[in-house]
Amino acid sequence: VTGLSSQGVLEGVFRELIRRQVPLGTRDYLDSLRALQLGFGGQSREHLRMLCHRLWARSDIERRAIDVAFALVAEPAADDAEARELEAALQGPTARQRPGPATRRTEPSASPDHKPAGGTPSTYDPRAGAAFVPAADPDAIPLPPAGIEPLGRETYVLQPQTVVSERDLTVMWRRMRSFTRRGPGRELDIEKTIRERCRCGVLPQAVLRPSRRNTAGLLVFADTSPSMAPWRPFLSVLADSLALGRLRAQQVFYFSNLPRNWLFHEPTLDERINLDEIARRYAGLPLLIVSDGGAARGHFSPQRVRQTMAFVERITGHFQPIVWLNPMPRPRWNGTSAAILVDESRISVVPLDKEALIRAMDLLRGERRA
Amino acid sequence: MNYKNYTGSGTDFYQTTSAVAETVNLAIKLQRPILVEGEPGCGKTKLAHSVAAELGLGEPIELRIKSTTQAKDLLYRFDALRRLQEVQNPQFAERARYVYPYISLQRLGLAIQAGKPCVVLIDEIDKADIDFPNDLLDVFDQFSFDIEDLPQEEDQRCRAERSFGRMVKSTPDLKPIVVITSNREKQLPEPFLRRCIYLELVFPKDPGLLAAIVRKNLDHSADDLASDLIAAAVERFLAIRDQARKAGADQKLPATSELIDWIRILHWRGQAPERIRNSEGLPPYHEVLFKTANDRRRFEGEAS
């Protein structure tokens, strides 16, 4: 082992991982030093790399980040042969037309006698394909097999990555709590019963109290128009997580492009329901609208602005508060109806990231706009 | 005092690789919980038993998790109903004025109070509600917990009579070794993952190791099992797993426990090693290896 000491390598790798935003803390670093003192990972560079994996990696992505950081710190001299090979492969992909092991699943669709792709989508998580494979479409074309095989130490992470995980969303919904004791007494109030017994000397009757119940609810209007295709996986995670949120009432309705008189129970725009009926049934609930509001198409349409404003006007009295979640990046709102919505209407518009979602949740819970 | 080194081959019922043993040792030395993930039937729970047995710690304290389990349930229980019942009985009315007689420590609580070296196994943590792992974080960090139901003014009295107070804490020479298993049914919270040493048990590809695992798992009645039968079965089994994966029969790929069942049947039915190795098309008694009809059909389609 030449060059840096084991401790130096650990520090370098740790710094590199922090730079790559792997969520590690001082404690993790101190633990690695202690492990080194206890005799783990000191034998060779390979042992040291395995120690980093064991201590710091929680997923394939992190394992990969560690390998990259390790290569940077511990073996700074790049493997020229490998780089040349990679370059050659990129210049002439046809020279190495062997599908890699990761693409095996898509092979059947390439064989001529096989039913074209129709039979395979059931093995896909619809969220995996993101923008390429529309979630609800069973005849969607699967991702094409890659032309070249991964080289050397190159690895790929092929798991679907959603913007916000189902777990995080569920936790957020669960934070929308407002517990009250309402209704008839159902639960034994032990303290009061004991006090009653001490006061009277006998117990005439057990004291009951209403059980605590979450009275918070949420209504979601989600856009499933083609401009929202990249976020369909997110919408399906949103609908799934909402059911786990333990809210008193929760419902997702879908619309295409612009919400008007009719909304739909299904993302495929089936089972329509009148907006007035929704307003009657779910009056007073907070409302979350998920739509790009014209930002994805990127041009300004006065008609769309008028229609959006009219819709916002129409629902304002019925649902309170209303938050508009616009998944397009904020700079793309400029010059479209989405920007007008931010400036002119009284509803709050937030982008799609974790911080903004937490903010949206606060707003939906009834906090004032900043 | 220190825990001994775990080798992974020191028991007569479990065998694992040195890499797994090294990870276990690392977690023990750093006093962090071990989170074990892996496909069903690859020996996650058995790993905890093997650590306990090899280090001479007796049976592990096993906590089985249900969907309704709360962190508190593992630590202590407050029997409010019994208190209510007894307050009406003049014989117990005096006692029922206090809360502490109705508090009983549960298995994890008892282990923390005892402060003895042991293995605590929390099985299938992903079955619990999503808040559960976070609630346990502090408990594993400090190896102490607070009995919230016990009023502060009863602390002294409880300490005198029950030998624990509101704060149950032990100053063990050795913290218990905590092994947590998960089937990945739910995503676990990030802070929880960070606290644990992560260990993924992968299915062994080495026929020698697999044969050793099989031998350790067969009962003594199967002692006379010829080693060439085991070798043949293991060899064929690895091929079957490959075929099954290729055919997409991977809802539940056959793992160690299925392999052991299969070898038992092969032995019981007197199958010759050559036949197991060379049978054209479907291997004998392959039905034992698949847990869903769908998997089996797909495999049969691929193999025949």
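These notes cover the structure that comes with them. Here the structure is a predicted model, which means the values were calculated and not measured.

### A short note on the overall build of chain A
Part 1: Each helix and strand in chain A was counted, giving twelve helices and eleven strands.
Part 2: The long-range fraction of contacts in chain A, counting pairs at least 24 apart against all pairs at least 6 apart in sequence, stands at 69%.
Part 3: With the model as given, the accessible surface of chain A reaches about 20,600 Å², and the carbon-plus-sulfur share is 53%.

### Comments concerning the overall build of chain B
Part 1: Within chain B, the regular secondary structure consists of 13 helices and nine strands.
Part 2: When burial is assessed residue by residue, chain B has 53% of its 304 residues classed as buried.
Part 3: A separation threshold of at least 6 residues defines the contact pool for chain B, and within that pool the share at least 24 residues apart is 75%.
Part 4: Element-wise, carbon and sulfur atoms account for 46% of the exposed surface of chain B, whose accessible area totals about 14,300 Å².

### Some thoughts on the interface of chain A and chain B
Part 1: Taken together, the 34 residues of chain A in the interface contact 32 residues of chain B.
Part 2: Summed over both partners, the interface of chain A with chain B buries about 2,900 Å², with 53% contributed by carbon and sulfur atoms.
Part 3: Summed over the three residues of chain A that lose the most area to chain B, namely A:R54, A:R58 and A:R167, the buried surface amounts to 29% of that side.
Part 4: Our count for the contact surface shared by chain A and chain B stands at seven salt bridges.
Part 5: Between B:E200 and A:R63 there is a salt bridge whose closest N-O contact spans 4.0 Å.
Part 6: At the boundary of chain A and chain B, one finds eleven residue pairs in polar contact (both at pLDDT 80 or more).

### Quick notes on the sheet that holds strand β9 (residues 197–201) of chain B
Residues and elements named next belong to chain B.
Part 1: Strand order in the open sheet formed by five strands is β2-β5-β8-β1-β9, and the pairing between neighbours is parallel. Of all strands in the sheet, those bounded by a partner on one side alone are β2 (61–64) and β9. Taking the axes of each pair of neighbouring strands and ignoring which way they run, one obtains an average angle of 20 degrees across the sheet.
Part 2: Pairing of strand β1 (residues 34–38) with β9 involves five bridges; the strand directions are parallel. Bridge pairing in β9 places E37 opposite E200.
Part 3: Set on the sheet, helix α5 (residues 107–114) makes contact with β2 and β5 (119–123); between it and β2 the angle comes to about 150 degrees.

### Concerning the nonpolar core
Part 1: With 58 residues, the main nonpolar core has A:W173, A:F221, A:F234 and A:F319 as its most contacted residues.
Part 2: The greatest single-element share of this core, amounting to six residues, is contributed by helix α12 (residues 354–364) of chain A.

### Re α5(B)
All names here are of chain B.
Part 1: Taken as a whole, α5 has its buried residues at L108, G109, A111 and I112. Projection of α5 onto a plane perpendicular to its axis shows the buried side chains occupying an angular sector of 160 degrees, all on one side.
Part 2: A positive phi of about 65 degrees marks G115, the residue just after α5.

### Focus on the side chain of A:E62
Part 1: Its place among the elements puts A:E62 in helix α4 (residues 60–74).
Part 2: Dropping the residues within four chain positions of it, A:E62 is found in contact with A:V22, A:P23, A:W56, A:A57, B:E190 and B:R194.

### Quick word on the packing of aromatic side chains
Part 1: In total, this model carries ten aromatic pairs over all chains according to the counting rule given.
Part 2: With a centroid separation of 6.1 Å and an interplanar angle of 85 degrees, the aromatic rings of A:F221 and A:F319 are classed as edge-to-face. Separated by 98 residues along the polypeptide, A:F221 in strand β5 (residues 217–223) and A:F319 in the loop between α10 (302–316) and β10 (322–326) bring together distant segments of the chain.
Part 3: By relative accessible area, A:F221 is classed as buried at 0%.
Part 4: A ring pair is formed by B:F140 and B:F143, whose centres lie 6.2 Å apart and whose planes are at 55 degrees; its orientation type is tilted.
Part 5: Cluster of aromatic residues (ring-pair linked, three or more members): A:F221, A:F253, A:Y282, A:F311 and A:F319.
Part 6: Here the basic side chain of A:R272 rests over the ring of A:W262, its NZ or CZ set 3.7 Å away from the ring centre.
Part 7: Sitting over the face of the ring of B:W268, B:R269 holds its NZ or CZ atom 4.8 Å from the ring centroid.

### Some words on a positive patch on the surface
Part 1: On the surface, a cluster of positive charge is made up of A:R182, A:R186, A:R213 and A:R248.
Part 2: Structurally, A:R186 is set in the loop between β1 (179–181) and β2 (187–188).

### Structural notes on the environment of B:D242
Part 1: Assignment of secondary structure puts B:D242 in helix α10 (residues 227–246).
Part 2: Between the C-alpha atom of B:D242 and that of B:L253, which follows or precedes it by eleven residues, the distance is 9.5 Å.

### Notes on the side chain of A:D223
All names here are of chain A.
Part 1: Examined against the element boundaries, D223 turns out to sit in strand β5.
Part 2: Although D223 is buried, it forms no salt bridge, and the closest oppositely charged side chain is R304 at an N-O distance of 4.9 Å.
Part 3: From its side chain, D223 meets the backbone nitrogen of S225 in a polar contact 2.9 Å long.
Part 4: A polar atom in the side chain of D223 sits 3.0 Å from the side chain of S291.
Part 5: Excluding residues within four positions of it along the chain, D223 makes contact with M228, L235, F255, S256, N257, V290, S291 and D292.

Calculation notes
Residues numbered from 1 in each chain as written. Chains lettered and ligands numbered in written order. Predicted model: local features only at pLDDT ≥ 70, side-chain atom pairs only at ≥ 80, totals over all residues. Heavy atoms only, no water. Helix = DSSP H or I, 4+ residues; strand = E, 2+ residues; numbered from the N terminus. Contact = heavy atoms within 4.5 Å. Areas by Shrake-Rupley, 256 points an atom, 1.4 Å probe, with all protein chains shown as cover. Buried < 20%, exposed > 50% of the residue type's maximum accessible area, 1.4 Å probe, protein only. Buried area = accessible area lost by both parts, 1.4 Å probe. Salt bridge = Lys/Arg side-chain N within 4 Å of Asp/Glu carboxyl O. Polar contact = N/O pair within 3.5 Å; in protein donor to acceptor, adjacent residues only side chain to side chain. Pairing = 2+ DSSP bridges. Axes fitted to C-alpha atoms, helices over the stretch in contact; angles between N-to-C directions. Core = buried A, V, L, I, M, F, W, Y, C linked by side-chain atoms within 4.5 Å. Arc of directions from axis to C-beta. Phe/Tyr/Trp six-rings, centres within 6.5 Å; stacked < 30°, edge-to-face > 60°. Lys NZ or Arg CZ within 6 Å of the ring centre and 35° of its normal. Patch = residues over 30% accessible without salt bridge, like charges linked within 9 Å, V, L, I, M, F, W, Y side chains within 5 Å. Lys, Arg positive; Asp, Glu negative; His and termini not counted. Charge placed at Lys NZ, Arg CZ, Asp CG, Glu CD.

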